[in-house]
Amino acid sequence: MKAGIVGLPNVGKSTLFNCLSSAKAQAANFPFCTIDAQLGQVSVPDERLTKLAEIVHPGRIVPAVCDIVDIAGLVKGASKGEGLGNQFLANIRECDAIIHVLRCFDDPNIVHVDGSVDPVRDKEIIDMELQLKDLETIELRIKKVEKAARVGGDKQAKIELDVLEAYKAALLEGKSARTVSFDTEDEIAAAKGLFLLTTKPVLYVCNVDDASAANGNEFTEAVKKAIEGEDAEMLIISAQTEADIAELETYEEKQMFLEDMGLEESGCNRLIKAIYHLLTLQTFITAGEMEVKAWTFRKGWKAPQCAGVIHTDFEKGFIRAEVIKYEDYIKYGSEAAVREAGKMGVEGKEYIVQDGDIMHFRFNV
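Within each chain, residues carry numbers counting from 1 in the order of the written sequence. The predicted origin of the model limits local features to residues at a pLDDT of at least 70 and limits the giving and counting of side-chain atom pairs to 80 or more, whereas totals for whole chains, interfaces and linings rest on all residues. Computation of side-chain values covers all heavy atoms of the structure but excludes hydrogens and water.

Caption draft 1: The arrangement of the overall build of the protein in detail. Every helix listed is a DSSP run of H or I at least four residues long, and every strand listed is a run of E at least two residues long, numbered separately from the N terminus. The secondary structure content of the protein amounts to 14 helices and 12 strands. What makes two residues a contact is simply this: any of their non-hydrogen atoms within 4.5 Å. Taking the contacts inside the protein whose residues are at least 6 apart along the sequence as the reference set, 69% of them involve residues at least 24 apart. Surface accessibility of the protein: about 18,300 Å² in total, with carbon and sulfur atoms responsible for 49%. Accessible surface area values rest on a Shrake-Rupley calculation with a 1.4 Å probe, where residue burial reflects the displayed protein chains alone.

Caption draft 2: Representation of the packing of aromatic side chains. In this scheme Phe, Tyr and Trp rings, the latter by its six-membered ring, pair at centre separations within 6.5 Å, and the angle between planes marks the pair as stacked below 30 degrees, edge-to-face above 60, and tilted otherwise. One pass over the full model with this rule turns up six aromatic pairs. Summarising the aromatic geometry, the rings of Tyr-167 and Phe-182 are spaced 5.3 Å apart at their centres and angled 90 degrees between planes, so their arrangement reads as edge-to-face. Taken as a pair, Tyr-167 in helix 5 (residues 155–172) and Phe-182 in the loop between helix 5 and helix 6 (185–192) lie far apart in primary sequence, 15 residues in all. Here Phe-182 falls in the buried class, since its relative accessible area comes to 16%. These aromatic residues form a ring-pair network of at least three members: Phe-284, Trp-295, Phe-297, Phe-318 and Phe-361. The ring of Phe-105 carries Arg-103 above its face, with NZ or CZ at 4.6 Å from the centroid. A cation over a ring is seen here: Lys-293 above Trp-295, with NZ or CZ 4.0 Å from the ring centre. Relative accessibility decides the category of a residue: with a 1.4 Å probe and only protein chains considered, values under 20% of the type maximum give buried, values over 50% give exposed, and everything between is partly exposed. Comment: the charge-over-ring label is applied if NZ (Lys) or CZ (Arg) is within 6 Å of the ring centre and within 35 degrees of the ring normal.

Caption draft 3: Seen up close, a negative patch on the surface. Only residues whose relative accessible area exceeds 30% and that take part in no salt bridge are eligible for patches, with like-charged residues grouped when within 9 Å of each other and nonpolar side chains (Val, Leu, Ile, Met, Phe, Trp, Tyr) grouped when within 5 Å. By salt bridge we mean one thing: a side-chain nitrogen of Lys or Arg within 4 Å of a carboxyl oxygen of Asp or Glu. Charge counting follows a simple rule: Lys and Arg are positive, Asp and Glu are negative, and His as well as the terminal groups are ignored. Here the site of a charge means NZ on Lys, CZ on Arg, CG on Asp, or CD on Glu. On the surface, Asp-106, Asp-209, Asp-210 and Glu-218 cluster together into a negatively charged patch. Within the secondary structure layout, Asp-209 lies in the loop between strand 6 (202–207) and helix 7 (218–226).

Caption draft 4: Representation of the pattern of salt bridges within the structure. One pass over the structure, following the stated rule, counts 17 salt bridges. As a salt-bridge pair, Lys-133 and Glu-136 come within 3.5 Å of each other at their nearest N and O atoms. Of this pair, Lys-133 and Glu-136 both sit in helix 4 (residues 119–150), three residues apart, which is roughly one turn of that helix. Taking the relative accessible area as the measure of exposure, Glu-136 reaches 31% and is therefore partly exposed. Put simply, Glu-350 and Lys-302 hold a salt bridge, and the shortest N to O gap is 2.5 Å. You can see Glu-350 sitting in the loop between strand 11 (345–347) and strand 12 (358–363) and its partner Lys-302 sitting in the loop between strand 9 (291–298) and helix 11 (303–310), a full 48 residues away along the chain. Since its relative accessible area comes to 58%, Glu-350 is described here as exposed. Salt bridges sharing common partners tie together Glu-322, Glu-335, Arg-339 and Arg-362.

Caption draft 5: View of the environment of Gly-193. Of note, Gly-193 is situated in the loop between helix 6 and strand 6. Judged by relative accessible area, which is 46%, Gly-193 ranks as partly exposed. As for Gly-193 and Glu-160, which are separated by 33 residues in sequence, their C-alpha atoms are 9.5 Å apart.

Caption draft 6: Inspection of the packing of helix 4 against helix 5 at higher detail. Think of each axis as a best-fit line through the C-alpha atoms, taken over the contacting stretch in the case of a helix, with angles from 0 to 180 degrees between the N-to-C directions. Across the interface, helix 4 lies against helix 5 with an axial gap of 9 Å and an inter-helix angle of 150 degrees. As the angle between them shows, helix 4 and helix 5 are arranged roughly antiparallel. Our pair here, helix 4 against helix 5, has a crossing hand that is left-handed. Contacts from Gln-131, Asp-134, Leu-135, Ile-138, Glu-139, Arg-141, Ile-142, Val-145, Glu-146, Ala-148, Ala-149 and Arg-150 in helix 4 reach Ala-157, Lys-158, Glu-160, Leu-161, Leu-164, Glu-165, Tyr-167, Lys-168, Leu-171 and Leu-172 in helix 5. By the convention adopted, Pro, Cys, Tyr, Trp, Phe, Met, Ile, Leu, Val and Ala count as nonpolar, Lys, Arg, Asp and Glu as charged, and the other residues, Gly among them, as polar. Tallied by class, the residues present in the contact of helix 4 with helix 5 amount to 12 nonpolar, one polar and nine charged. Every angle not falling under 35 degrees, over 145, or within 65 to 115 is termed oblique; those three ranges are roughly parallel, roughly antiparallel and roughly perpendicular. Helix crossings get a hand from a simple test, with the near helix turned counterclockwise from the far one by less than a right angle marking a left-handed crossing and a clockwise turn marking a right-handed one.

The structure is reproduced here in structure tokens:
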């Protein structure tokens, strides 16, 4: 699963990416500093792993990870190939979610591509370019299916045409495709098959100055109002503050810095958790002497699918799953004590795995 960081040039995308990832994207004060998309892999913060390790004393702790892509800055006209538009849009299409960075700070020393700071305008520029590209995709698709739907009586084509026309109506009103919902399974399947840019889940990241990191400012309030009614989330973060935190060596130094800023947790940690949630990802855990490890799965998956995350043979030969709830493991202090208390669940193929479940799979191949 992959999330792409997008935004206009000089809004703080690469600074944020550098904080999130061990990769070092070039960050400088001019447009198109980032030309090629850069991929970084980030660990998902999870305090549960540390607490379990204090009980199990494993050889190592292995957190879940997700991929972050730093995508080149977009300009007006990208849908027609302006600037790095074609490359930008192709990179977004390959991502599962969009992290849209908006500049919400004033600084005369940092150039804004449009000459002034206005995060709502910036949001609308990118929204419009993505919407225009989706409209182009939809109109081409309508030409292909319209005859089969209206004249040929093709049932599947009629369903797809209805979906396309619903999307087209929303896009012509300046709305993203994600604002349109469908009721039937056939419509939902047809919608997914279009792979539109504006159906991807979005997290708006308001990049603020140090003083606004805790409570935001007038720019973030404007963004909050602008996204009302849109199926999207918002996070306030100071990329420069995160860069300063990343330079500190010890955990204690970082915590003192956060306390001085009035923050309980670093913005990067909050952002990674938000990305994980945006991608509808959850974690199950395996705990033993060798390692305590977090495994990523899609919310709603059943036990055999999750077993397959560890190894395909586990899914093919799935017999049952032994499940301990995280809270019970912490309460009783060991797997043996949980068993003795009768708190270990034995689940079959229909069990829907929950976030934080500690799993042991039985299989036979």
